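Structure at a glance
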Amino acid sequence: MKKRAPSSSSSLALAALPVARSRLRLGLQLILCLSVLACTLALIRICSRSPSTVDLVEVPLLAPPKIAFLFLARSNLPLDFVWHTFFQKAEEEKYSIYIHSEPGFAFDRTTTRSPFFFGRQLQNSIRVVWGEATMIEAERLLLAVALKDPANQRCVPLYNFSYVYSYMMSSSKSFVDSFLDRKDVRYNAKMFPTIPKDRWRKGSQWITLVRKHAETIVADTIVFPVFSKFCKRRTGLALGAKQNNKEAAQKEHDCIPDEHYVQTLLSMSHLEDELERRTLTYTSWNQSIDTKDKRSWHPKTFEFPDASLEHIMEIRNINHVYYETEYRTEWCQCNAAFVPCFLFARKFSRSAAMRILNDGLLGPFDAGAFLFTNS
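Under an unreviewed UniProt entry, the protein chain has the name Core-2/I-Branching enzyme and belongs to Musa troglodytarum. In the Subcellular location (unreviewed entry) part of its UniProt record, the protein chain is described as follows: "Membrane".

The following block contains the structure:
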């Protein structure tokens, strides 16, 4: 992932240059961190259906509203054992799971240790290229299939399922990290007039959407084509060219659609007043004092020492986010009540994830019983 506002909180590609391949590997690691796109769908108000390409099923909503968890993965889910523990304590009628993985990849006993993911993959998945519009196309496919079930009222763990469900269902708003980056150089003037510059927004890919906003994204036929046209990964740099500065990196990666598309579309749709303008997913960006090292576009990976109960509680206790480019402090609220900012965190190594489970943060966990099942 790329650099965002300091305190604001995945993919195959062919590259001719060794440096480009190195960048790609980092991008793949990003996808595999938690292998989850934190997206969500919304309120019980499904009667006010907006025009959409999705064939929604219009039936009375008698069951409890669901959270639809949308996972965007390269292939498998490396931290499936964490999510297995998370879903174990959940009531089945309160959630659904959808996974976008590479075409042809199936989730079964040979590819995942958790039965919660069996057969959950999309059958119409596409090959995703990091840094291009295929990333947001995959997101739109996930949203489209989730919207077919009218019970899906939210789509995405530092907390157990019960806490996450109550937190998200109590809000009438989407959680979308969206801000105006006054130093932004990714906007392409050729996008005008379809996308006015004053509506260009930036933010985290990890979003939580109410159903109305998910429908807006799936129904979009105006903004997405512009992103598809102008947001392309560029690999034609001269052999040996240095890429250790922002300008060279920008030329290679263009506008980074997954950090701008949803935010810009909702801004253009005049829906920003219906947002909690923050993400529910915590990310720690590079805090190195080495200026060269800080140019990395990728967040810190939490290793075993970083996953202590003390460190996790520090994340849980964060109650505000400061947006440097807007001089704005976002105090975290849900239904007008002040709440902890984050429900999820990324990116974690397997050892760090195991430590969280062993500490019982998500409930009882039997490592021996689970890790060797179906292996």
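So that's the structure; there's more coming.
To continue, consider the pattern of salt bridges. Within this structure, the stated rule accounts for 13 salt bridges. Lysine 66 is paired through a salt bridge with aspartate 149; the nearest N and O atoms lie 3.1 Å apart. Of the two residues, lysine 66 is situated in strand 1 (residues 66-72) and aspartate 149 in the loop between helix 3 (134-147) and strand 3 (152-154); the sequence distance between them amounts to 83 residues. Relative accessible area serves as the criterion here: at 17%, lysine 66 is assigned to the buried category. Ionic pairing is found between glutamate 272 and arginine 199, a salt bridge with its closest N-O pair at 4.0 Å. Note that glutamate 272 is positioned in the loop between helix 8 (261-268) and strand 5 (275-276) and arginine 199 in the loop between strand 4 (174-175) and helix 5 (211-219), a separation of 73 residues in sequence. Residue arginine 199 is classed as partly exposed on the basis of its relative accessible area, which comes to 24%. Salt bridges sharing partners connect three or more residues here, namely Arg277, Glu326, Arg328 and Glu330.

Here the focus is the packing of helix 5 against helix 8. Packed helices, taken two at a time, are described by the angle between their axes plus the distance between the axes. For the pair helix 5 and helix 8, the least separation of the axes is 11 Å and the interaxial angle reads 100°. Looking at the two axes, helix 5 sits roughly perpendicular to helix 8. Each of His213, Thr216 and Ile217 in helix 5 lies in contact with helix 8, whose residues at this interface are Tyr261, Val262, Leu265 and Leu266. The class makeup of the residues in the contact of helix 5 with helix 8 is 5 nonpolar, 2 polar and no charged.

Chemically, a disulfide is nothing more than a covalent bond linking the sulfur atoms of two cysteines. The tally for this structure, following the rule as stated, stands at 2 disulfides. Disulfide partner of cysteine 332: cysteine 341, at an S-S distance of 1.9 Å. One quick way to see it: the torsion about the S-S bond of cysteine 332 and cysteine 341 is about 90°, and its sign makes the bridge right-handed. Taken individually, cysteine 332 and cysteine 341 each receive the classification buried, so the pair is uniform in this respect. Here the disulfide map of the protein chain reads 1-2, 3-4, the bonded cysteines being numbered as they appear in the sequence.

Criteria and cut-off values
- One numbering rule holds for all chains: residues counted from 1, following each sequence as written.
- Selection of residues for local features in this predicted model requires a pLDDT of at least 70, selection of side-chain atom pairs for listing and counting requires 80 or more, and totals for whole chains, interfaces and linings are taken over all residues.
- Hydrogens are left out, water is left out, and the side-chain values use all remaining heavy atoms of the structure.
- UniProt positions are given in the numbering used here, feature names are shortened, and annotations may be inferred rather than shown by experiment.
- One side-chain nitrogen of Lys or Arg within 4 Å of one carboxyl oxygen of Asp or Glu is enough to make a salt bridge.
- Strands here mean DSSP runs of E at least two residues long; helices mean DSSP runs of H or I at least four residues long; both are numbered from the N terminus.
- Buried means the residue's accessible area, taken with a 1.4 Å probe over protein chains only, is under 20% of the maximum for its type, while exposed means over 50%, and partly exposed covers the values in between.
- All axes are obtained by fitting lines to C-alpha atoms, using only the stretch in contact for helices, and the reported angles, taken between N-to-C directions, cover 0 to 180 degrees.
- Oblique is the label for any angle not covered by the other classes, which are roughly parallel (under 35 degrees), roughly antiparallel (over 145) and roughly perpendicular (65 to 115).
- Whether two residues are in contact is decided by their heavy atoms: any pair within 4.5 Å suffices.
- Classification convention: Asp, Glu, Lys, Arg as charged; Ala, Val, Leu, Ile, Met, Phe, Trp, Tyr, Cys, Pro as nonpolar; all other residues, Gly among them, as polar.
- Any cysteine sulfur atom paired with another within 2.5 Å is treated as part of a disulfide.

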